[in-house]
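Listed here are the chains, written in short residue letters.
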Amino acid sequence: MIKKKYSNELLSTIVESGFNANDFYGKSSFPRHSGHQCFEILLQKSPLNFRIIPFGESFEQFRLEYNVFAPGFGIELYPKGGESIVFEEVKKNFVWWLTNHVKPYIDEMEYPNYWTILKSNPLGIAGIDFSKNEPFKEEERKLLRAALGEIKGLLKENFDLNKQQYLTAEQKIHYLKEALERLNKTDWKGILFTTIITISYDLAFNAEKRDKLFSLFSKVWSILQALSPHIEVP
């Protein structure tokens, strides 16, 4: 075991390093190669663990064992030899682990998987075959222009955008409208997907807002599909 003042200090270190304390939890455990009870800090729902193992019969000397963010999430030991370290050195190594392994792991988990997004949000409209390498019919352009006009308004209603952010999104949507006149169906849908992603990054959307943006496009598509005979083009 380690002293409570040390385990508490490591929790404070997590917060001071800019992480959410609720993303971690600590517990006591027995590592395979040591008879001493260690303290283990785990990143929730991940293979990343950081273990502080008392050394010898002292509460003031430690060895470390931690998973790295690499293929296989292998385990590394510190120090490499048979030495031990004091708690201040434990803290330095813990901050290093948070910065070089936990942060990249969290960033990777939050990075959007475009293939999954495309599968769950096909952005299709019944009656428009986007797989065909052919120009849009005028009624199809009318439907899509209406959908894009609706989305422009909903962006302002659903997201807290400043003037510059809204103008940025408006320019991207205007580009999609213009592209209806010159691109075939397949190419236009590819541009649509890319543009949604570009909007989300231009506006610095997090994963939740990116999902909301895709859902907004899909929802408008579905509604306007049903209303298409009565659409007024904005």
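Refer to the structure printed above.
(A) Highlighting helix α1 (residues 4-16). Between its first and last C-alpha atoms α1 spans 18 Å; for 13 residues at 1.5 Å apiece the expected length is 18 Å, and the two agree. Those residues of α1 that sit buried are Tyr 6, Ser 7, Leu 10, Thr 13 and Ile 14. Buried positions in α1, seen along its axis, are confined to an arc of 110° and lie on one side of it. Exposed and oriented more than 90 degrees from the buried face of α1 are Lys 4, Lys 5 and Glu 16. Those residues of α1 that are buried lie in contact with β1 (24-29), β2 (38-43), β3 (49-54), β4 (62-67) and α2 (87-110). Looking at the residues trailing α1, positive phi occurs at Gly 18, about 90°.

(B) Region of interest: the pattern of salt bridges. Summed over all chains, the structure comprises 12 salt bridges. For Lys 91, the salt bridge is made with Glu 9, and the minimal N-O distance between the two is 2.9 Å. Here Glu 9 lies in helix α1 and Lys 91 lies in helix α2, a separation of 82 residues in the sequence. Connected through shared salt-bridge partners, Glu 138, Arg 141, Arg 145 and Glu 181 make up one network.

(C) Quick look at the layout of surface pockets. As a volume, the largest pocket reaches approximately 150 Å³. As for the largest pocket, its lining consists of Asp 23, Leu 43, Gln 44, Lys 45, Tyr 105, Ile 106, Met 109 and Glu 110. At four residues, the largest contribution of residues to the lining of the largest pocket is made by α2. Residues of the lining of the largest pocket, tallied by class, amount to four nonpolar, one polar and three charged.

Cut-offs applied
- Residues numbered from 1 in each chain as written.
- Predicted model: local features only at pLDDT ≥ 70, side-chain atom pairs only at ≥ 80, totals over all residues.
- Heavy atoms only, no water.
- Helix = DSSP H or I, 4+ residues; strand = E, 2+ residues; numbered from the N terminus.
- Expected span 1.5 Å × (residues − 1).
- Buried < 20%, exposed > 50% of the residue type's maximum accessible area, 1.4 Å probe, protein only.
- Arc of directions from axis to C-beta.
- Contact = heavy atoms within 4.5 Å.
- Salt bridge = Lys/Arg side-chain N within 4 Å of Asp/Glu carboxyl O.
- 1 Å grid on protein atoms, 1.4 Å probe; cavity = no way out; pocket = protein on both sides within 12 Å on 5 of 7 lines; lining within 4 Å.
- Points joined across faces, edges and corners; volume = space filled by probe spheres on them.
- Nonpolar A, V, L, I, M, F, W, Y, C, P; charged D, E, K, R; others polar.

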